[in-house]
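Chain by chain, the residues run as shown.
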Amino acid sequence: MQDLQILRDKIRQRYLQTEPELVAELLAEQNLNERERSMLVETAAKTVAGLRQRNDPTIMESFLSEYGLSTREGVGLMCLAEALLRVPDAATVDELIADKIEPSNWGIHLGKSSSSLVNASTWALLLTGRILDDASESADNPAPVLALRQLIRRLGEPVVRTAVSQAMKMLGKQFVLGQSINEAMQEAQALEAQGYTYSYDMLGEAARTHDDAERYYQAYAGAIEAIAKASGEGVTNRPGISVKLSALYPRYEYTHKEAVMEHLLPRIAALTDLAAAADIGLNIDAEEADRLDLSLDLIGALLERSNHPDWQGFGVVIQAYGRRALPVIDWLIAACKHHKRKVMVRLVKGAYWDAEI
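About the thresholds
- Residues numbered from 1 in each chain as written.
- Predicted model: local features only at pLDDT ≥ 70, side-chain atom pairs only at ≥ 80, totals over all residues.
- Heavy atoms only, no water.
- Helix = DSSP H or I, 4+ residues; strand = E, 2+ residues; numbered from the N terminus.
- Buried < 20%, exposed > 50% of the residue type's maximum accessible area, 1.4 Å probe, protein only.
- Contact = heavy atoms within 4.5 Å.
- Areas by Shrake-Rupley, 256 points an atom, 1.4 Å probe, with all protein chains shown as cover.
- Salt bridge = Lys/Arg side-chain N within 4 Å of Asp/Glu carboxyl O.
- Pairing = 2+ DSSP bridges.
- Right-handed = clockwise from strand over helix to strand, strands pointing away.
- pLDDT = per-residue confidence, 0-100.
- Polar contact = N/O pair within 3.5 Å; in protein donor to acceptor, adjacent residues only side chain to side chain.
- Phe/Tyr/Trp six-rings, centres within 6.5 Å; stacked < 30°, edge-to-face > 60°.
- Lys NZ or Arg CZ within 6 Å of the ring centre and 35° of its normal.
- Axes fitted to C-alpha atoms, helices over the stretch in contact; angles between N-to-C directions.
- 1 Å grid on protein atoms, 1.4 Å probe; cavity = no way out; pocket = protein on both sides within 12 Å on 5 of 7 lines; lining within 4 Å.
- Points joined across faces, edges and corners; volume = space filled by probe spheres on them.
- Nonpolar A, V, L, I, M, F, W, Y, C, P; charged D, E, K, R; others polar.

A closer look at the overall build of the protein
Then step 1. Regarding its fold elements, the protein presents 15 helices and five strands.
Then step 2. A burial count over the protein gives 38% of its 357 residues as buried.
Then step 3. Across the protein, contacts joining residues at least 24 apart in sequence account for 71% of those joining residues at least 6 apart.
Then step 4. Only carbon and sulfur atoms are counted for the fraction: they give 54% of the accessible area of the protein, which is about 21,000 Å².

Structure (structure tokens):
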């Protein structure tokens, strides 16, 4: 256990390490010569080129290729796509569309994409922005034109709202499989038939009240029950679930560590028991950077439990872009050896904005 504590201390020490310091440290650990580096670069380039030649880009990939997330338009589209999935009323949809579309310069993207659908959508976004533009009367914009534009705006908003909402929901479907676990599992069948498996996440987790936490707990339990009915045998051949610890307790903060261990730990332990009984995978999902230490406390406590020694479905999501990723992996390996457990690792790019600023 002393070794585990030393490794935890190393994780904490890296929390405030600057990026230049960390990059220099990582580079110093690499022993690649120039020939090996060139081989890696060449292999990576060939791999990417081959994938691009064999793969038909999705609508999402075509949009990202044209707009990117470094442009105002790209950021607006992504915000709109994510938000429209859970906007409850038409008035809010109109406000969102006006906020995200009107100020952007869609004209520079016209005809630039290899996808005809993306180009058509760009025309729609351009026209929508002009319709929504609150232009004032001027020499270039006389009163009749302004009146006509206002008329189009009044008559056209429902049509615009419907068209843009549908386009954004098409994009959102690239990220969100369904509104419920059953809908998501049905959508997943096509790729599962090709040999893929899924680890299902739930969107919008962040319990603000104890009622929220109880609702999320029941939702996770219901999802595990639904996944348990999926075909296949064993953890690796069936879908699993990823659980956000912050969804199971309203004050998932280090300052409330004692309460978290008292109330949240039994909840996540009960969900792991359900997943073990169903023989499916359960991943502890990543959280914001300032919650990592608390998450490791809970993961360590779960590894100490010996309720299901033969179950190999317990997993941890690690954010590779996070500055503490390598010492976290070192600690996890040591914890697995200490407790004689096998743990799945889902490596993601990760890194929340709070860690960057």
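Structural notes on the pattern of salt bridges
Then step 1. Counting across every chain of the model gives 15 salt bridges.
Then step 2. Asp 212 is paired through a salt bridge with Arg 215; the nearest N and O atoms lie 3.0 Å apart. Separated by three residues within a single helix, Asp 212 and Arg 215 lie in helix α11 (residues 210-228), roughly one turn from each other.
Then step 3. Taking relative accessible area as the criterion, Arg 215 reaches 49% and is therefore assigned partly exposed.
Then step 4. A salt bridge links Glu 214 to Arg 267; its shortest N-O distance comes to 3.3 Å. Placement of the pair is Glu 214 in helix α11 and Arg 267 in helix α12 (residues 257-278), with a sequence separation of 53 residues.
Then step 5. Salt bridges here are not isolated pairs; linked through shared partners, they connect Arg 8, Asp 9, Arg 12, Lys 257, Asp 293 and Asp 297.

Some remarks on the pairing of strand β4 (residues 314-319)
Then step 1. Summarising burial for β4: six of the six residues are buried, a large majority.
Then step 2. Neither face of β4 is left uncovered, since the one carrying Phe 314, Val 316 and Ile 318 and the one carrying Gly 315, Val 317 and Gln 319 both have all their residues buried.
Then step 3. Relative to β4, strand β3 (residues 282-284) runs parallel, the two being bridged by three bridges. In the strand pairing of β4, Leu 282 is matched with Phe 314.
Then step 4. Once you follow β3 into helix α13 (residues 292-304) and on to β4, the crossover reads as right-handed.
Then step 5. Sheet analysis places β4 next to strand β5 (residues 344-348), joined by five bridges and oriented parallel. If you follow Val 317 over to β5, its bridge partner there is Arg 346.

Concerning the confidence of the model for the protein
Predicted coordinates in regions of low pLDDT should not be interpreted in detail.
Then step 1. Confidence along the protein averages 78 in pLDDT terms, with 64% of residues attaining 70 or more.
Then step 2. Averaged pLDDT values over the elements of the protein bottom out at 50 in helix α7 (residues 116-132) and peak at 96 in β3.
Then step 3. Contacts for the low-pLDDT stretch residues 127-132, under 50 throughout, to residues beyond four places or in other chains number 16 contacts.

Description of the side chain of Glu 287
Then step 1. As for its placement among the helices and strands, Glu 287 is situated in the loop between β3 and α13.
Then step 2. Take Glu 287: its relative accessible area is 6%, and that puts it in the buried class.
Then step 3. Of the polar contacts made by the side chain of Glu 287, one reaches the backbone nitrogen of Leu 245; its length is 3.0 Å.
Then step 4. Within the structure, Glu 287 has its side chain in polar contact with the side chain of Ser 246 (distance 2.9 Å).

Section: the packing of aromatic side chains
Then step 1. Under the defined criterion, the tally for this structure stands at one aromatic pair.
Then step 2. Seen from their ring centres, Tyr 198 and Tyr 200 are 5.7 Å apart, and the 10° between their planes marks the pair as stacked. Each member of the pair, Tyr 198 as well as Tyr 200, is classed as buried.
Then step 3. Here Arg 215 stacks its cationic end above the ring of Tyr 216, 5.7 Å away from the centre of that ring.

A short note on the environment of Leu 32
Then step 1. Considering the arrangement of structural elements, one finds Leu 32 in the loop between α2 (19-29) and α3 (34-54).
Then step 2. Residue contacts for Leu 32: discarding those within four places in its chain leaves Arg 37 and Leu 40.

Focus on the sheet that holds strand β1 (residues 199-200)
Then step 1. One open sheet holds the five strands; their spatial order is β1-β2-β3-β4-β5, and the pairing between them is parallel. Each edge of the sheet is formed by a strand with only one pairing partner; in this case those strands are β1 and β5.
Then step 2. Judged from the two bridges that link them, β1 and strand β2 (residues 240-243) form a sheet pairing that is parallel. Opposite Tyr 200, over in β2, you have Ile 241 as the bridge partner.
Then step 3. Each of β3 and β4 is contacted by α13, which is oriented at about 160° to β4, the strand it contacts most.

As for empty space enclosed by the protein
Then step 1. Following the criterion strictly, the structure yields two cavities of 30 Å³ or more and no others.
Then step 2. Considering only enclosed or pocket space, the largest cavity measures out at about 80 Å³ in volume.
Then step 3. Lining the largest cavity are Thr 272, Asp 273, Leu 302, Arg 305, Asn 307, His 308, Trp 311, Phe 314 and Arg 341.
Then step 4. Tallied by class, the residues present in the lining of the largest cavity amount to three nonpolar, three polar and three charged.

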